[in-house]
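Inside the fold
Residue-level listing of the chains:
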Amino acid sequence: MTSPGIGPFETQAIAYCQSRPRPQVEAGELVRDLRWTPEKERKVLSQLARKGFITRIRRGLYLAPKHLAIGGQWAPGEMLTLATLMEDCGGTYQISGPNAFQRYGWTEQIPNRVYVYNNRISGDRQIGPVSLTLIEVAADRLGSTEVVRTPEGLDIVYATRARALVDAVYDWSRYDTLPRAYGWVAREVENDDGFAAELTQVTIRYGNQGTMRRIGATLERLSVQEGLLRRLDRSLTKSSSFIPMVPTARKRGRPGEGKTSKRWGVVFNDE
């Protein structure tokens, strides 16, 4: 049955998309398989995307449903959109930020966009109803991940708990996560005897100097094994300057006032 608002060529295009094992269709396929002209293909796919029957990932690449919903309009979910985009650009990625913070139970707030570290694309992108924040990093800054299979059978890559905490401290200005992240660290260390060692390893591997100093000071306050603290300490570049534990805090008018730790080079302005 033809859905309201769809012409015969659009119906033919949708039937073609639904006959395929994969949900995407790329420019040139209708030209090859249906003997359409490139102009006709472009026009029909653009019309379907504008009407909400398929979703445009980029120019010349679309996602289409296996079955049209009642009323015809359809939108892919966040994970299918992300997986398709990353596969298309040949990128490696991992979801972190607020999506990971909510996934691991540190916050109840459900983010309205997906935060993705990757080695190909940077910037905010809107694909249909899906909002993505794409954070491009060097390939060697990607890692410490776990793969989660969705009910639809997609394998989606998330940052591990330890990596998400490193991101919360490293990218504090993006996520406004300090000092909350220190409480999340404390919760994980208290719940898992081996977590402090994992966090130490991940911090050294993926953190910068500020991240190592702040997480080192946090772990020392939690009285973790001295051997772990020494590992972090040895990874630091010694400096006579101090950084605040909470860069945005205001204590007696300035963020740099409070007790200090020479070992970590931090000011405890969160106490």
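As a starting point, this report considers the structure included with it. All values derive from a computational prediction rather than experimental measurement.

**Structural notes on the pairing of strand E7 (residues 130-136)**
Among the seven residues in E7, six count as buried, and that is most of the element. Examined bridge by bridge, strand E5 (residues 114-118) and E7 share five bridges and lie parallel to one another. Note that in E7 the partner of Tyr115 across the bridge is Thr133. As defined by bridge partners, strand E6 (residues 123-127) adjoins E7 across five bridges and the pair is classed as antiparallel. Bridging from a neighbouring strand, Gln126 pairs with Ser131 of E7.

**A look at the side chain of Ser131**
Mapped onto the secondary structure, Ser131 falls in strand E7. Among the polar contacts made by the side chain of Ser131, one reaches the side chain of Gln126 at a distance of 2.7 Å. Residues contacting Ser131, with those up to four places away along its chain left out, are Asn112, Arg113, Val114, Arg125 and Gln126.

**A word on the environment of Arg213**
For Arg213, the location among the structural elements is in helix H10 (residues 209-221). Distance in space between the C-alpha atoms of Arg213 and Ser261 is 9.8 Å, their sequence separation being 48 residues. Those residues in contact with Arg213, other than ones at most four positions away along the chain, are Leu236, Ser241, Phe242, Ile243, Trp264, Gly265 and Val266. Engagement of the side chain of Arg213 in a polar contact is seen with the backbone oxygen of Gly265, the distance being 2.6 Å.

**Comments concerning the sheet that holds strand E3 (residues 61-63)**
If you walk across this open sheet you meet the three strands as E1-E3-E2, and the pairing is antiparallel. The open sheet has two edge strands with one neighbour each: strand E1 (24-26) and strand E2 (55-58). Adjacent strand axes in the sheet meet at a mean angle of 30°, parallel and antiparallel pairs treated alike. Where E1 and E3 come together, three bridges link them in antiparallel fashion. Within the sheet, the bridge partner assigned to Gln24 lies in E3 and is Leu63. In the packing of helix H4 (residues 78-89) onto the sheet, the strands contacted are E1, E2 and E3, and the crossing angle to E3 comes to about 155°.

**As for the sheet that holds strand E12 (residues 266-268)**
Pairing is mixed in the open sheet, where three strands are placed in the order E10-E12-E11. Either end of the sheet is taken by a strand with one partner, and the two such strands are strand E10 (243-244) and strand E11 (259-261). Relative to E12, E10 runs parallel, the two being bridged by two bridges. Across the sheet, Pro244 pairs through a bridge with Val267, a residue of E12. On top of the sheet, H10 reaches E10, E11 and E12; it is set at about 45° to E12, its chief contact.

What counts and how
- Each chain has its residues counted from 1, running along the sequence as written.
- A pLDDT threshold of at least 70 governs which residues receive local features in this predicted model, and a stricter bar of 80 or more applies before side-chain atom pairs are shown or counted, although totals over entire chains, interfaces and linings include all residues.
- Excluding hydrogens and water, the side-chain figures rest on all heavy atoms present in the structure.
- Summary of the burial criterion: residues with accessible area below 20% of their type's maximum are buried, those above 50% are exposed, and those between are partly exposed, where the area comes from a 1.4 Å probe applied to protein chains only.
- By definition, any uninterrupted DSSP run of H or I lasting at least four residues is a helix, any uninterrupted run of E lasting at least two residues is a strand, and each is numbered from the N terminus.
- The pairing criterion is simple: DSSP has to find at least two bridges between the two strands.
- Nitrogen and oxygen atoms within 3.5 Å of one another constitute a polar contact, given that in protein one can donate a hydrogen and the other can accept it, and given that sequence-neighbouring residues count only through two side-chain atoms.
- Throughout, a residue-residue contact means that at least one pair of heavy atoms, one from each residue, lies within 4.5 Å.
- Where helices are involved, their axes are fitted lines through C-alpha atoms of the stretch in contact, as for all axes, and angles between N-to-C directions lie from 0 to 180°.

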